[in-house]
Amino acid sequence: MAIEIERKFLVTGDAWRDAPAIYYSQGYLNRAKERTVRVRIAGEEAFLTIKGTSAGASRAEFEYPIPLWDARDLLGLCEQPLIEKYRRKILFEGFIWEVDEFLGENQGLVVAEIELPAEDTQFAFPSWIGEEVTSDARYFNSNLSSVPFSRWQKVP
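Note that the structure is predicted; figures quoted are calculated from it, not measured. (Residues numbered from 1 in each chain as written. Predicted model: local features only at pLDDT ≥ 70, side-chain atom pairs only at ≥ 80, totals over all residues. Heavy atoms only, no water.)

Participant: Would you explain the packing of aromatic side chains in this entry?
Facilitator: How two aromatic rings sit relative to each other is given by the distance of their centres and the angle of their planes. Under the criterion given, the structure shown has 11 aromatic pairs. Ring geometry for W97 versus F125: centroids 6.4 Å apart, planes at 45 degrees, classification tilted. A residue pair is termed long-range when its members are at least 10 positions apart, and W97 in strand β7 (residues 95-102) and F125 in the loop between β8 (110-115) and β9 (129-132) qualify at 28 residues. Looking at W97, the relative accessible area reads 0%, which means it is buried. Cation over ring: R138 sits above W152, and NZ or CZ is 4.5 Å from the ring centre. (Phe/Tyr/Trp six-rings, centres within 6.5 Å; stacked < 30°, edge-to-face > 60°. Helix = DSSP H or I, 4+ residues; strand = E, 2+ residues; numbered from the N terminus. Buried < 20%, exposed > 50% of the residue type's maximum accessible area, 1.4 Å probe, protein only. Lys NZ or Arg CZ within 6 Å of the ring centre and 35° of its normal.)

This is how it looks when you write it as structure tokens:
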């Protein structure tokens, strides 16, 4: 079984913006707590991904390439709104950070993720990393499709 170990952080500042960005569009065919089924278009590539329940920063993940034209049709079957974002991949001290700048109903949200070989792996933080939100389910992409960032109650 494939296991994804990922930690998630809010992003501060603009130092990350220099990296090239790829446009992503993704939707969910299933957002049950026990499993999510996602369709994603990343640039000119497309994927079907199944993820299991999170346990800490780990969960089962299975990802398969699919034809781009199938992905476009499948996005039409997905729950709305779709997740739209620009993703930048930034190498920092031996690890790749994926910085997602959300668009559409999630505009204003910027989150960085780092995938790790083990939950207790030590790593360095770039200067633009802010608060950790790994355990905050509001920041799961599957939840951002049902309760987008723009609908969160803002605290004055």
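Participant: Would you take a moment to explain helix α1 (residues 68-75) for this structure?
Facilitator: Because the α-helix completes a turn every 3.6 residues, residues three or four places apart line up on one side. Listed as buried for α1 are L68, A71 and L75. End-on, the buried residues of α1 take up no more than an arc of 55 degrees, which puts them together on one face. Exposed positions of α1 whose direction lies more than 90 degrees from the buried face are W69 and D73. At its buried positions, α1 is contacted by β2 (21-30), β3 (35-42), β4 (45-52) and β6 (79-92). (Arc of directions from axis to C-beta. Contact = heavy atoms within 4.5 Å.)

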